[in-house]
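# Examination of the molecular architecture
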Amino acid sequence: MASLRSPSSPSDGYKRFSDDFANSSINNYGSNVTNSRAGDGGGDTNTLDMGSRSSLHTGLQMSEDEHWEMNYHEAAIYLEEGLNNEKFDSHPSSPEELPAYLRVHNPWYHGLDLLASLVLILLAFTEDPAVPAFELPVWAHGTIELLALSVIGIELHLKLKWIGWGTIFKHKRTMIKGVTLLIMLLEAVVVLCRQSSHFRVTRALRPIFLVDTRHCGGVRRFIRQILQSLPPILDMLGLLMFFVATYSLLGYYLFSEHIDNGHFRTLSDSFVSMFVLLTTANFPDVMMPSYAKSKWYAVFFILYIITVLYVLMNLMLAVVYETFTRIEREKCRALLLHRRGAARRAFRLLVSRRAPHAVKLRHFAGLIRHYAPHYSGLDVYLMFKQLNQSTTGGLSRTEFANVYEVFALRWAPQTSRAPWYADSPLEPLGRAAAVIVHRPYFEYVIYALIIGNGLAMVLRVLEAAGDLQDSARLLCASWDTWLFLTLFLIEAALRIMACGLSAYLESGWNVFDLSVTLLALMGAVLLTIAPKLFIVVMFRPLRLMRLYKLKKRYRDVFGTLVLLSPLMSSAGCVMLVMYYFFAIIGMELFAGYNLRNCCINTTVEDFYKYSENSSTPLGYYYLNNFENILTSGVTLFELTVVNNWFILMNAFASVAGQLSRLYFMVFYLFTMVVLTIVVASVLEAFRFRIQYKRSTTKRDEEKLLHEEVHTSWEEAQRLGATGDLAEQLRTYLPPGIDVTFIGTRPRTKEVLQRRMYQTEIQKWLAEEVENDELQPSTTVTSSEDPLSPPLIQQPDGDNHHIRSGYQL
């Protein structure tokens, strides 16, 4: 469908006012806007059809068309800020601030900022201690670092040009980013001058730049939830450490005289032993020497494990879960009210003096032209029609507040719901396939084939084979493999013929079935060509996962995974950032230590014995080191698993000093906090899905995800469809015929939350209205026209002026 914007217009709505950035005259912002009514004086800005004056053209002489274009542009910026949850105090407030704002909010600059941040992260592979395959000379990685920091510095400089130095103290993230950038710039210059790296633990702060990019908004939200969940976690950690310290003190007095038990010789040894015992990693090693002295000593260790592990740790999870659930609900509330605030500000700029309480179609179309230029004229009209439930011909403030809900809708004529093969040469084949697919026994036949495929694989595994190559070929490239793959491809072809390719791909299970079938086919071909490519044997069994769809519990689990996918990706990024942070610190602290044959006369000596001729399985622990970023990541993952993690800690304590234990203990606490919050998020998502399924029928969900709009060409003309918009609508709205369009929105957690939190949403909106009514009025009325909308009164001063568009 054609775009609402003319072909000669820029593809980016914001670019319209950024074409003349290089021009020093501020009056050129909008010089490409034509106006047939503009006169020599720049047009009459007091006509009844003109609305609030945008703060972006304060002090400029403009025609009426240029006035509206600036209003559309600022309203689009408000909606963007609402969508991205940006504070309104960083909104550009004058024409001088607009160029810097547009440069930073350009999608190309977002990509450049992300690239520079990733380059900084990846420099850890090339700097000393470097991964051997990626090592670069100092001048090379130092120059790359300066270039990447310069790109980030330019973005920060442009941001300061419109938010100002006074506002930066309210933006803690920006302030931290600026301080970190300054430190890293100075260090990079020092490295280039000295041509050698120094103790640069500040490299661990590089992920700050990545997290601050536009593309990592979900990561920032997850980190914010972690920080908001910290108070109850710290409370529980304080209680937990109290019991650890208490039992450590008691253990010291009970067991310090046991010569065979070296875990309690000093108070510090006792505390370390009990801290490690918290993870159960060394439970038998700590207990057995004392248990050999007296069986009653087992009571001490059993009570300790029950208290700290099964009571306090589970209680911490419960507390974090309750906090996370409350934060999730509060996040939904804050985002809803923030977007409504953005919609109010945009509404203020779109109403005219002729109609001060409604947004007309042409002004709504102007807004969309800047906010989402990829929408077609039909999309714009149908969104307007869906919002205009009152059928008054204009969007009221309440109706316009729902503008974000219609942006996700994708429209199609109701006639498109007819079978795809209707009136086509393939109609007989399509109808036959539809009859077969919709038979009640078709699904049972497919499940029988999947079970048969599984039994065939079991028989192939049990069948004796000469070597691994023959065994792999029997399992994944034998005649029965080709038979079942052919049947599965026929099944996919029937489903595609019955419902069409697009409808087939809308089902996640269909996508999964087709994907694993094609992967198994590719694996069979590869295994035939290259018999040693054993990795492909995993593809054939994947189709058995379809059997899990039969049980409702598994369907709930998979549905929860779908809802959790955005959150899990954010949690994964947070874990990687944490690993990077601790890996850099670990390399700076421990990269110079060799663990081969270390720890003589200690309890972990056997784990680090190494010989070039022979080595025991225990002797490979020396590979757990911090010699580069990759091995550091593997070492940290082993510490995360906590199995025998105390062996690593004791080894480094032996070669680097006892204070090195703090590094490993702090890392464990960090991972415990993050993983506890991840578990809480999984529980919350699962509970949310179960409650949603219990309270929502299939019919309710269908209504939630689909909207119907009935319209006609005559109605479009009454609503004000003229010009290019009318030309585009004429194709889809034949005169004299009523047409129905179906709008479909994706099934996301945000959409489902509006269904689940209906009662709360009504309460939040009522509280918002009540608060608005209680606030004293800070508006003044324009003396030029009694019908003009109110303007916000700013404080007096040389650099302040009356700004509009901030309050309705």
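Values in this document were obtained by computation on a predicted structure and should not be read as measured data. (Residues numbered from 1 in each chain as written. Predicted model: local features only at pLDDT ≥ 70, side-chain atom pairs only at ≥ 80, totals over all residues. Heavy atoms only, no water.)

### Describing the overall build of the protein
A tally of helices and strands in the protein yields 29 helices and five strands. Relative to its full complement of 808 residues, the protein shows a buried share of 47%. Across the protein, contacts joining residues at least 24 apart in sequence account for 72% of those joining residues at least 6 apart. Accessible surface for the protein amounts to roughly 40,300 Å². Of this, 62% is attributable to carbon and sulfur atoms. (Helix = DSSP H or I, 4+ residues; strand = E, 2+ residues; numbered from the N terminus. Buried < 20%, exposed > 50% of the residue type's maximum accessible area, 1.4 Å probe, protein only. Contact = heavy atoms within 4.5 Å. Areas by Shrake-Rupley, 256 points an atom, 1.4 Å probe, with all protein chains shown as cover.)

### Brief notes about the side chain of Asp 480
Structurally, Asp 480 is set in helix α18 (residues 479-499). Beyond its immediate stretch of four places on either side in the chain, Asp 480 contacts Ala 456, Arg 460 and Arg 540.

### Description of the sheet that holds strand β1 (residues 410-413)
Read across the sheet, three strands follow the order β1-β3-β2 without closing on themselves; strand pairing throughout is antiparallel. One side of each edge strand has no neighbouring strand; the edge strands of this open sheet are β1 and β2 (706-711). Sheet twist, expressed as the mean angle between neighbouring strand axes with direction ignored, is 25°. The sheet contacts of helix α12 (residues 377-387) involve β1, β2 and β3 (739-744), and relative to β2 the element is tilted by about 100°. (Pairing = 2+ DSSP bridges. Axes fitted to C-alpha atoms, helices over the stretch in contact; angles between N-to-C directions.)

### Here we look at the side chain of Ser 660
Within the secondary structure layout, Ser 660 lies in the loop between α23 (645-656) and α24 (661-695). Ser 660 sits in the buried class, given a relative accessible area of 7%. A distance of 3.4 Å separates a polar atom in the side chain of Ser 660 from the backbone oxygen of Phe 652. With residues near it in sequence (within four places) discarded, Ser 660 still touches Phe 590, Phe 652 and Ala 653. (Polar contact = N/O pair within 3.5 Å; in protein donor to acceptor, adjacent residues only side chain to side chain.)

### Here we look at the nonpolar core
Tyr 304, Tyr 608, Leu 636, Trp 645 and Phe 664 are the most contacted members of the largest nonpolar core, which totals 85 residues. Here this core gets 14 residues from one element, more than from any other, and that element is helix α21 (residues 552-590). Among the nonpolar cores identified, the runner-up in size contains 49 residues, and Val 359, Leu 395, Tyr 404 and Phe 407 belong to it. (Core = buried A, V, L, I, M, F, W, Y, C linked by side-chain atoms within 4.5 Å.)

### Details of empty space enclosed by the protein
On inspection of all chains with the given rule, the structure shows one cavity of 30 Å³ or more. Put simply, the largest cavity is a space of about 40 Å³. Contributions of two or more residues to the lining of the largest cavity are made by α18 and α20 (508-529). Residue composition of the lining of the largest cavity, by class: five nonpolar, two polar and two charged. (1 Å grid on protein atoms, 1.4 Å probe; cavity = no way out; pocket = protein on both sides within 12 Å on 5 of 7 lines; lining within 4 Å. Points joined across faces, edges and corners; volume = space filled by probe spheres on them. Nonpolar A, V, L, I, M, F, W, Y, C, P; charged D, E, K, R; others polar.)

### Some remarks on the UniProt feature "transmembrane region" (unreviewed entry) in the protein
Under the present numbering, the feature "transmembrane region" (unreviewed entry) in UniProt falls on residues 236-255, 267-284, 296-321, 482-505, 517-539, 560-582 and 662-686. Taken end to end, residues 560-582 is 100% helix and 0% strand, and its first and last C-alpha atoms sit 31 Å apart. With 100% helix and 0% strand, residues 662-686 has end C-alpha atoms that lie 36 Å from one another. (UniProt positions renumbered as here; feature names shortened; annotations may be inferred.)

### Concerning the packing of α21 against helix α22 (residues 629-641)
Viewed as axis vectors pointing N to C, α21 and α22 meet at an angle of 115°, and their least axial separation amounts to 9 Å. Relative to α22, the element α21 lies roughly perpendicular. Between α21 and α22 lies a crossing whose hand is right-handed. Listed contacts from α22 to Tyr 579, Tyr 580, Phe 582, Ala 583, Ile 584 and Met 587 of α21 are Ile 629, Ser 632, Gly 633, Leu 636, Phe 637 and Thr 640. (Parallel < 35°, antiparallel > 145°, perpendicular 65-115°, else oblique. Left-handed = near helix turned anticlockwise from the far one by under 90°.)

### Topic: helix α8 (residues 267-277)
By the burial criterion, the buried members of α8 are Ser 270, Val 272, Ser 273, Met 274, Phe 275, Val 276 and Leu 277. Packed against the buried residues of α8 are α7 (217-255), α9 (283-293), α10 (298-350), α23 and α24.

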